[in-house]
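Listed below are the residues making up each chain.
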Amino acid sequence: RTRKKNAGAADEKEPSRWEKLRALFKEHGATFAALYVGANAATAAPIMAALTLGGVDGPELVFWAADQLQLTFDLSFLETVPKDLVNAFLALEINAWLEPIRL
């Protein structure tokens, strides 16, 4: 019987994104945190400004997307959420799509 090299390594699971961020913060401290927050803010703020100045109605956009994707979720609660808050969440989501470019 032969023993495989690194047999235990295959059983280890890859750390989550949050765990990677925590490890980077522990390694680099406040400098990393400032850079990470700054990089996200530098792209999220213009996206939010574009959505606001462009007159995007966040809840209507979500309703339209749900209709196009034929989602059956009850999204009626969005009618009570302020439009700017929905736009802020949309800006954060679009900002997350830009993460590979920022890296």
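Details of the structure are given in the entry above.
Rules and cut-offs
- Residues numbered from 1 in each chain as written.
- Predicted model: local features only at pLDDT ≥ 70, side-chain atom pairs only at ≥ 80, totals over all residues.
- Heavy atoms only, no water.
- Patch = residues over 30% accessible without salt bridge, like charges linked within 9 Å, V, L, I, M, F, W, Y side chains within 5 Å.
- Areas by Shrake-Rupley, 256 points an atom, 1.4 Å probe, with all protein chains shown as cover.
- Salt bridge = Lys/Arg side-chain N within 4 Å of Asp/Glu carboxyl O.
- Helix = DSSP H or I, 4+ residues; strand = E, 2+ residues; numbered from the N terminus.
- Buried < 20%, exposed > 50% of the residue type's maximum accessible area, 1.4 Å probe, protein only.
- Polar contact = N/O pair within 3.5 Å; in protein donor to acceptor, adjacent residues only side chain to side chain.

Draft legend 1. Highlighting a nonpolar patch on the surface. On the surface, Leu69, Leu71 and Phe73 cluster together to form a nonpolar patch covering roughly 360 Å² of accessible area. The topology assignment puts Leu71 in the loop between α4 (58-68) and α5 (83-97). The partly exposed category is assigned to Leu71, whose relative accessible area is 42%.

Draft legend 2. Spatial organisation of the side chain of Asn40. With respect to the helices and strands, the residue Asn40 is situated in helix α3 (residues 30-53). Note on Asn40: relative accessible area 16%, which makes it buried. A polar side-chain atom of Asn40 sits 3.0 Å from the main-chain carbonyl oxygen of Tyr36.

Draft legend 3. Molecular detail of the pattern of salt bridges. Using the criterion set out here, one finds two salt bridges in the structure. As a salt-bridge pair, Lys20 and Glu14 come within 3.2 Å of each other at their nearest N and O atoms. Classification of Lys20 as partly exposed rests on a relative accessible area of 40%. Here Glu14 falls in the exposed class, since its relative accessible area comes to 61%. Taking the shortest distance from any N to any O, the salt bridge between Arg17 and Glu99 comes out at 3.4 Å. Within this pair, whereas Arg17 is found in helix α2 (residues 17-28), its partner Glu99 is found in helix α6 (residues 99-102), the two being separated by 82 residues in sequence. The exposure class assigned to Glu99 is buried, which follows from its relative accessible area of 14%.

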